[in-house]
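Now for the letters of each chain:
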Amino acid sequence: MRLLRYLFLFACVAFIVWPYYHVYRLDNALGKNDMRTLEQLLDIPAIRRNYKERLKGGLSLPQPRPQGADSPLAWLQQNLRRLGDAALEQAITLPWARDTLKEATAQATDERPPYFMAAITFAFFESYDRFLIRLGELGKNATHIRMTLQDKTWQITDIIR
């Protein structure tokens, strides 16, 4: 029975440490400009989806009138959505994410060269499969990074600036 308790305790501690290991890998990848590791740690389509949701929340497009899809307003709304998706596809890329993380790190710490781990002011679980990292002081233009457990690894799914 004691062995089972120790195994359970070990499993809990390992699960808690697991996302911090991926944060350490991210710090190394940013420091060495290791794009292969960054590609494994970043879920670019999820980051695009989250940016798109935030843009939709801030941009209220007029609803088309019931006349149908031929109305100029419906046509304009459809083209704005299509252009927005294409712009996100072109703007949010792996190099953009790397540069954004490096810039946020540089703003959040006085160390030179700036290290990702040194810029972290908060890092803990939001839920069992979500981990939140804050770079910089809360209320002082901090950057929030959300990691999500996907396919047995923690990946960055949102960068909130």
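Scroll up for the structure.
Residues numbered from 1 in each chain as written. Predicted model: local features only at pLDDT ≥ 70, side-chain atom pairs only at ≥ 80, totals over all residues. Heavy atoms only, no water.

**Student:** Help me understand the packing of aromatic side chains in this model?
**Tutor:** Ring pairs (aromatic) are described by centroid distance and by the angle formed between their planes. Scanning the entire structure with this criterion turns up 9 aromatic pairs. With a centroid separation of 5.0 Å and an interplanar angle of 85°, the aromatic rings of Tyr-20 and Phe-131 are classed as edge-to-face. Here Phe-131 lies in strand β2 (residues 130-135) and Tyr-20 lies in helix α1 (residues 2-32), a separation of 111 residues in the sequence. A residue is classified by how much of its surface remains accessible, and Tyr-20, at 32% relative accessible area, is partly exposed. When the ring centre of Tyr-51 is taken as reference, the NZ or CZ atom of Arg-54 above it lies at 4.5 Å. (Phe/Tyr/Trp six-rings, centres within 6.5 Å; stacked < 30°, edge-to-face > 60°. Helix = DSSP H or I, 4+ residues; strand = E, 2+ residues; numbered from the N terminus. Buried < 20%, exposed > 50% of the residue type's maximum accessible area, 1.4 Å probe, protein only. Lys NZ or Arg CZ within 6 Å of the ring centre and 35° of its normal.)

**Student:** Looking at this structure, I do not really get α1. What am I missing?
**Tutor:** Because an α-helix packs 3.6 residues into every turn, residues spaced three or four apart end up facing the same way. For α1, spanning 31 residues, the distance from its first C-alpha to its last is 44 Å, which sits close to the expected 45 Å at 1.5 Å a residue. Roughly 30° is the biggest bend found in α1, and it falls at Trp-18, with proline Pro-19 one to four residues downstream. Of the residues making up α1, those classed as buried are Pro-19, His-22, Val-23, Arg-25, Leu-26, Asp-27, Ala-29 and Leu-30. Phi turns positive, to about 55°, at Asn-33, one or two residues after α1. (Expected span 1.5 Å × (residues − 1). Bend = angle between axes of the 7 residues up to and from the residue.)

**Student:** Please explain the pairing of strand β4 (residues 153-160) as it appears in this structure.
**Tutor:** The side chains of a regular strand alternate, first on one face of the sheet and then on the other. Judged by how many residues are buried, β4 sits mostly within the fold: 7 of 8 residues are covered. Taken together, the 7 bridges between strand β3 (residues 143-150) and β4 define a ladder with antiparallel strand orientation. Of the residues in β4, the one forming a bridge with His-144 is Ile-160. Count of turn residues in the β3/β4 antiparallel hairpin: 2 residues, of which Asp-151 carries a positive phi of about 50°. (Pairing = 2+ DSSP bridges.)

**Student:** Would you mind showing me how to read the side chain of Arg-98 here?
**Tutor:** The residue Arg-98 is located in helix α5 (residues 94-108) in this model. Look at Arg-98 and you get buried, because its relative accessible area is 17%. In terms of polar contacts, Arg-98 uses its side chain to reach the side chain of Asp-99, at 3.1 Å. Excluding residues within four positions of it along the chain, Arg-98 makes contact with Leu-30, Asn-33, Met-35 and Leu-38. (Polar contact = N/O pair within 3.5 Å; in protein donor to acceptor, adjacent residues only side chain to side chain. Contact = heavy atoms within 4.5 Å.)

**Student:** Teacher, can you tell me more about the sheet that holds β2 here?
**Tutor:** To summarise the sheet geometry, strands pair through backbone hydrogen bonds and adopt either a parallel or an antiparallel arrangement. The sheet built from 4 strands is open, its strands ordered β1-β2-β3-β4 with antiparallel pairing. Unpaired on one side and paired on the other, β1 (120-127) and β4 mark the two borders of the sheet. On average, each strand axis in the sheet is inclined to that of its neighbour by 25°, with strand direction left out of account. Where β2 and β3 come together, 6 bridges link them in antiparallel fashion. Residue pairing in the sheet places Leu-132 in a bridge with Arg-146 of β3. Most of the contacts of α1 go to β4, to which it runs at about 65°, and overall it touches β1, β2, β3 and β4. Its contacts with the sheet put α5 on β2, β3 and β4, and the angle it makes with β4 is roughly 70°. (Axes fitted to C-alpha atoms, helices over the stretch in contact; angles between N-to-C directions.)

**Student:** What is the right way to read the environment of Leu-149 from this model?
**Tutor:** With respect to the element layout, Leu-149 can be found in strand β3. Residue Leu-149 is classed as partly exposed on the basis of its relative accessible area, which comes to 25%. Taking the C-alpha atoms as reference, Leu-149 lies 8.3 Å from Phe-131; in sequence the two are 18 residues apart.

**Student:** Would you mind going over the nonpolar core with me for this structure?
**Tutor:** Of all hydrophobic cores here, the largest spans 28 residues; its most connected members are Leu-42, Leu-101, Phe-116, Ile-133 and Ile-156. With near-sequence residues (within four places) excluded, Phe-116 lies in contact with Val-23, Leu-26, Asp-27, Leu-30, Leu-101, Thr-105, Ile-133, Leu-135 and Ile-145. (Core = buried A, V, L, I, M, F, W, Y, C linked by side-chain atoms within 4.5 Å.)

On their own, these measurements won't tell you what the molecule is for.
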